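# Residue-level structure breakdown
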Amino acid sequence: KALALGAVPLGFALVLSFLSGQSILVAAASRLLRTPIRIGPYQLSLATVMTVLCSMLAVISYSSQKRWEAEVAKLSDGSWSEFGFFTAASTTGSLLDQHTRNLYYQARNFWLSLLATSLWLMAWRLKALYTRGMLVPPKKVIRPVGVLGRIPWIIVAVIALALADITMCRLSYSFDLMVEVTPQKQRLLDAGRGCETAMRATVGEAGPCADLCTSARNLSNERLRVINWARSWFFFGRKAAEVFDGIRSVDQGAQRIDALFDKKPCYKVLQSVDKTNKMVDGFCTFLAMTSFVSLLFAVTRVLEGSQVQDNHSHND
């Protein structure tokens, strides 16, 4: 939200600067968009970084929005229960209000991110046109490129799209865990002091430790729903995750959750319910940005279908 709210007015101002036709404003906007930003060994322009970041946020927010739409629909028609069985009407109503709020929150984030992406993409394109001298009478010869010349860029675009889908599946899953699971986990851990050794057997009993085990199991089910939703939304991400699970001989399902509660105390399971590999998350973030940059660049080359050639070499 904060990034989108900051990116929208700045992107709007940059687009207006290019559309104003004032040489000072156009030059200033172009220089700002060329501001170098170093990410590890790579150096990207501000326009590239902002477009990629806003695009990633839009994809993640849209995935979360569709997930909450599905959850609200299930609660509305009475075909779903938060804990695997039908709850009282008051509990269902409370959950419906909570899920509806989450739906509106993610929908707002999606439209803000999409607007920011559109503005920065437009500003980036206007800057490119200005740099190439295409916003003024052309001083260079444009040589068309045939269909065969575009095929390599189409291949690059497809590969970049697949990589972006895989990495965004991972990032969407990690983001949903952070937003939806981690806050509940922290509250339960604080309330569960003194129940560190309670096992699954206490679930049917009364008392705070039994409540902790029940809540820990519910939160584990929520984690599983997050995983399944992310995999259902991203095609290449699902395929890659299935291959990875097959290599590790891991089955993401209720049986795996049952095995965890049979081996560990509820408190220990709760501590790791939102655990992800931070190194993998960081690598996926970097790879997602690289994939988005490559995808945008490849699509631009495919759509342009031309190469710039100076007059001197053309005349020769």
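Quick note: structure is the one above.
Description of the structure in this document. Quantities reported herein were computed from a predicted structural model and do not represent experimental measurements.

Two elements in contact, helix α6 (residues 208-233) and helix α8 (residues 254-263), have axes whose closest approach is 10 Å; the angle formed by their N-to-C orientations is 145 degrees. Pair α6 / α8 crosses with right-handed handedness. From α6, Cys 213, Ala 216, Arg 217, Ser 220, Asn 221 and Leu 224 reach across to α8, where they touch Ala 254, Ile 257, Asp 258 and Phe 261. Here the residues of the contact of α6 with α8 are counted per class, giving 6 nonpolar, 2 polar and 2 charged.

According to the stated counting rule, one finds 6 aromatic pairs in the structure shown. A centroid spacing of 5.3 Å and a plane angle of 75 degrees characterise the contact between Trp 153 and Phe 297, whose relative ring orientation is edge-to-face. Pair noted here: Trp 153 is in helix α5 (residues 147-191) and Phe 297 is in helix α10 (residues 278-304), with a separation of 144 residues, a long-range link. Here Trp 153 falls in the partly exposed class, since its relative accessible area comes to 25%. Centroid distance Phe 235 to Phe 236: 5.2 Å. Interplanar angle 80 degrees. Geometry classified as edge-to-face. With a relative accessible area of 44%, Phe 235 lands in the partly exposed category. You can call Phe 236 partly exposed: its relative accessible area is 36%. Each member of the aromatic cluster is reached from another via a ring pair, and the members are Tyr 62, Phe 110, Trp 111, Trp 229 and Trp 233. Its guanidinium or amino end placed over the ring of Trp 68, Arg 67 lies 4.9 Å from that ring's centre, counting from NZ or CZ.

On the surface, a nonpolar cluster with roughly 1000 Å² of combined accessible area is contributed by Val 147, Leu 148, Ile 151, Ile 154, Ile 155, Val 158, Ile 159, Leu 163, Ile 166, Phe 235 and Phe 236. Among the elements that take part in the nonpolar patch, α5 stands out by supplying 9 residues, more than any other.

The next thing to look at is the pattern of salt bridges. Pairing of side chains with opposite charge becomes possible as their charged atoms draw close. According to the stated counting rule, one finds 9 salt bridges in the structure shown. Close ionic contact of Asp 258 with Arg 217 constitutes a salt bridge, the shortest N to O distance being 2.4 Å. Residue Asp 258 is found in helix α8, and its partner Arg 217 is found in helix α6; the two are separated by 41 residues along the sequence. By sharing partners, the salt bridges in this structure join Arg 67, Glu 71, Glu 180, Glu 222 and Arg 225 into a single network.

All right, on to the nonpolar core then. Counting 35 residues, the largest nonpolar core has Met 56, Met 168, Leu 171 and Leu 270 as its most contacted members. For this core, the secondary-structure elements that each account for two or more residues are α3 (46-76), α5, α6, α8, α9 (266-271) and α10. Among the elements that make up this core, the one with the highest residue count is α5 (9 residues). Every residue in contact with Met 56, bar those within four places of it in the chain, is listed here: Met 168, Leu 171, Thr 285, Ala 288, Met 289 and Phe 292. Among the nonpolar cores identified, the runner-up in size contains 18 residues, and Ala 7, Val 15, Val 26 and Ala 116 belong to it.

What counts, and at which threshold
- Residues numbered from 1 in each chain as written.
- Predicted model: local features only at pLDDT ≥ 70, side-chain atom pairs only at ≥ 80, totals over all residues.
- Heavy atoms only, no water.
- Axes fitted to C-alpha atoms, helices over the stretch in contact; angles between N-to-C directions.
- Helix = DSSP H or I, 4+ residues; strand = E, 2+ residues; numbered from the N terminus.
- Left-handed = near helix turned anticlockwise from the far one by under 90°.
- Contact = heavy atoms within 4.5 Å.
- Nonpolar A, V, L, I, M, F, W, Y, C, P; charged D, E, K, R; others polar.
- Phe/Tyr/Trp six-rings, centres within 6.5 Å; stacked < 30°, edge-to-face > 60°.
- Buried < 20%, exposed > 50% of the residue type's maximum accessible area, 1.4 Å probe, protein only.
- Lys NZ or Arg CZ within 6 Å of the ring centre and 35° of its normal.
- Patch = residues over 30% accessible without salt bridge, like charges linked within 9 Å, V, L, I, M, F, W, Y side chains within 5 Å.
- Areas by Shrake-Rupley, 256 points an atom, 1.4 Å probe, with all protein chains shown as cover.
- Salt bridge = Lys/Arg side-chain N within 4 Å of Asp/Glu carboxyl O.
- Core = buried A, V, L, I, M, F, W, Y, C linked by side-chain atoms within 4.5 Å.

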